[in-house]
Amino acid sequence: MVAVAVGVLFVISGCSGSGENTPAGAPSAPSETLSSVGSESDLPSVDGEIVRGEAHADYDVAASVVGAAEPATVVVIGRVKSWAEGRIIHDGDSALKSAVLEVEVETSLVPRTVESAFVEIDRGGTLIDEEGNEVELHDGATYVQRSVEELRQAVPVGTRVVVLGVAAPTDEEIASTGGQQVIEAWVPPHGDDQLVSPVQQGLLFEDADGSYVSGVADQEDVEFGDWPAAGERGDAGGSDGYFDQLVDELTAAF
């Protein structure tokens, strides 16, 4: 595989990948109603690799979920309600794309009155020319990026999720840096909804066996130290209940 990093948000692969062909400016996906999946008897399976993509970051790894939550200004537990198109940002010769994960909040620890959370998720990007058009790749190379539908399949509606986040930069704040420009904005469903950026270890989904799957950090970064999956603390020494342990630890701390 030949991979060329573009910024920190996407790579180009010489192997066939899950290409994203959604045109810029495509309408947001409609809101979805919660389904029966995610119940104790029928938990959905989660594919964390699809959500994480191939971008990596250097950061101070927290040895527990409570430690990971320390810088967060949003700490909520809920269920996936919908996935939708997010912003497209031009950064030099790159077009950076995102999706928005809407979470129906069941427990809001910080702040105390949140009913929904809208989480901005990187989904990759492309190279662009001086006119902002996507650059066609040659020699079998493809852009490695995820479509909203791929994310929706990787983390189905109804999946339980922990979000530890901070306020995402606004379009105006992005433009003020001088190097980036929001080409496609995200339109809040209710006018005053704000985007949340998960901290590095701050997006955790419940998997079908009751364990948890990281949506941003490498999985190994949430399975060491005092993280539940670091030891045999689940039911009968297995992974059952690891997600619930995250919830219990956060609830006790906040």
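All of these numbers come straight from a predicted model, not from anything done at the bench. (Residues numbered from 1 in each chain as written. Predicted model: local features only at pLDDT ≥ 70, side-chain atom pairs only at ≥ 80, totals over all residues. Heavy atoms only, no water.)

### Quick notes on the overall build of the protein
Stage number 1. Regarding its fold elements, the protein presents 5 helices and 10 strands.
Stage number 2. Buried residues in the protein amount to 46% of all 254 residues.
Stage number 3. Accessible area for the protein stands at about 12300 Å²; split by element, carbon and sulfur atoms hold 48% of it. (Helix = DSSP H or I, 4+ residues; strand = E, 2+ residues; numbered from the N terminus. Buried < 20%, exposed > 50% of the residue type's maximum accessible area, 1.4 Å probe, protein only. Areas by Shrake-Rupley, 256 points an atom, 1.4 Å probe, with all protein chains shown as cover.)

### Some remarks on the pairing of strand β3 (residues 74-91)
Stage number 1. Most of β3 is tucked away: 16 of the 18 residues are buried.
Stage number 2. Examined bridge by bridge, β3 and strand β7 (residues 160-167) share 6 bridges and lie antiparallel to one another. Paired with Val75 across the strands is Leu164, a residue of β7.
Stage number 3. Pairing between β3 and strand β4 (residues 94-110): 14 bridges, direction antiparallel. The residue bridging Gly78 from the neighbouring strand is Val105, located in β4.
Stage number 4. Connecting β3 to the next strand, β4, in antiparallel fashion are 2 residues, including Gly92 with a positive phi near 65°. (Pairing = 2+ DSSP bridges.)

### What about the pattern of salt bridges?
Stage number 1. The final tally for this structure, using the stated rule, is 8 salt bridges.
Stage number 2. The partner of Glu85 in a salt bridge is Arg123, and the shortest N-O contact between them spans 2.9 Å. Taken together, the positions of Glu85 in strand β3 and Arg123 in strand β5 (residues 116-127) put the pair 38 residues apart, joining distant regions of the chain. With respect to class, Glu85 is no different from Arg123; both count as buried.
Stage number 3. Note that Arg160 is salt-bridged to Glu206, the shortest N-O span being 3.2 Å. Residue Arg160 is found in strand β7, and its partner Glu206 is found in strand β9 (residues 195-206); the two are separated by 46 residues along the sequence.
Stage number 4. Assessed through its relative accessible area of 6%, Glu206 is described here as buried.
Stage number 5. Bridged by salt links that share partners, the residues Arg87, Glu120 and Asp171 form one connected network. (Salt bridge = Lys/Arg side-chain N within 4 Å of Asp/Glu carboxyl O.)

### Notes on the environment of Asp193
Stage number 1. In this structure, Asp193 sits in the loop between β8 (180-184) and β9.
Stage number 2. The exposure class of Asp193 is buried, given its relative accessible area of 19%.
Stage number 3. Taking the C-alpha atoms as reference points, Asp193 and Ser116, separated by 77 residues in sequence, lie 8.5 Å from one another.
Stage number 4. Ignoring anything within four residues of it in the chain, the contact list for Asp193 reads Phe118, Trp186 and Pro188.
Stage number 5. In this structure the side chain of Asp193 is engaged in a polar contact, spanning 2.9 Å, whose partner is the side chain of His190. (Contact = heavy atoms within 4.5 Å. Polar contact = N/O pair within 3.5 Å; in protein donor to acceptor, adjacent residues only side chain to side chain.)

### Overview of the environment of Ile121
Stage number 1. Its place among the elements puts Ile121 in strand β5.
Stage number 2. Under the relative-accessibility criterion, Ile121 is labelled buried at 3%.
Stage number 3. Measuring from C-alpha to C-alpha, the distance between Ile121 and Arg87 comes to 9.7 Å, with 34 residues separating the pair along the chain.
Stage number 4. In this structure Ile121 touches Val51, Trp83, Lys97, Ser98, Ala99, Leu101 and Leu203, once residues within four positions along its chain are discounted.

### Quick word on unusual backbone geometry
Stage number 1. Of the consecutive residues Val110 and Pro111, the connecting peptide bond is found in the cis state with omega at -20°.
Stage number 2. For Pro111, the position within the fold is in the loop between β4 and β5.
Stage number 3. Of note, the phi angle at Asp139 is positive, near 60°, even though the residue is not glycine.
Stage number 4. Within the fold, Asp139 resides in the loop between β5 and β6 (142-144).

### As for the packing of aromatic side chains
Stage number 1. In this structure the tally under the stated criterion is 3 aromatic pairs.
Stage number 2. Geometrically, the ring pair formed by Tyr212 and Trp227 is tilted, given 6.2 Å between the ring centres and 45° between the ring planes. Of this pair, Tyr212 sits in strand β10 (residues 212-214) while Trp227 sits in the loop between β10 and α5 (242-253), placing them 15 residues apart in sequence.
Stage number 3. Given a relative accessible area of 3%, Tyr212 falls into the buried group. (Phe/Tyr/Trp six-rings, centres within 6.5 Å; stacked < 30°, edge-to-face > 60°.)

### Thoughts on the environment of Pro156
Stage number 1. Inspection of the secondary structure assignment puts Pro156 in the loop between α3 (148-154) and β7.
Stage number 2. Separated by 111 residues in sequence, Pro156 and Ser45 have C-alpha atoms that sit 7.9 Å apart.
Stage number 3. Contact partners of Pro156, with chain neighbours within four places excluded, come to Pro44, Ser45 and Val80.

### A few points about the nonpolar core
Stage number 1. If you look at the biggest cluster of nonpolar residues, it comprises 23 residues, and the most contacted ones within it are Trp83, Leu101, Val155, Val163 and Phe205.
Stage number 2. Of all the elements in the fold, those that place two or more residues in this core are β3, β4, β5, α3, β7 and β9.
Stage number 3. Within the second largest apolar cluster, 20 residues are counted, among which are Ala62, Ala72, Val199 and Trp227. (Core = buried A, V, L, I, M, F, W, Y, C linked by side-chain atoms within 4.5 Å.)

Purely geometric stuff here, so don't read any function into it on its own.
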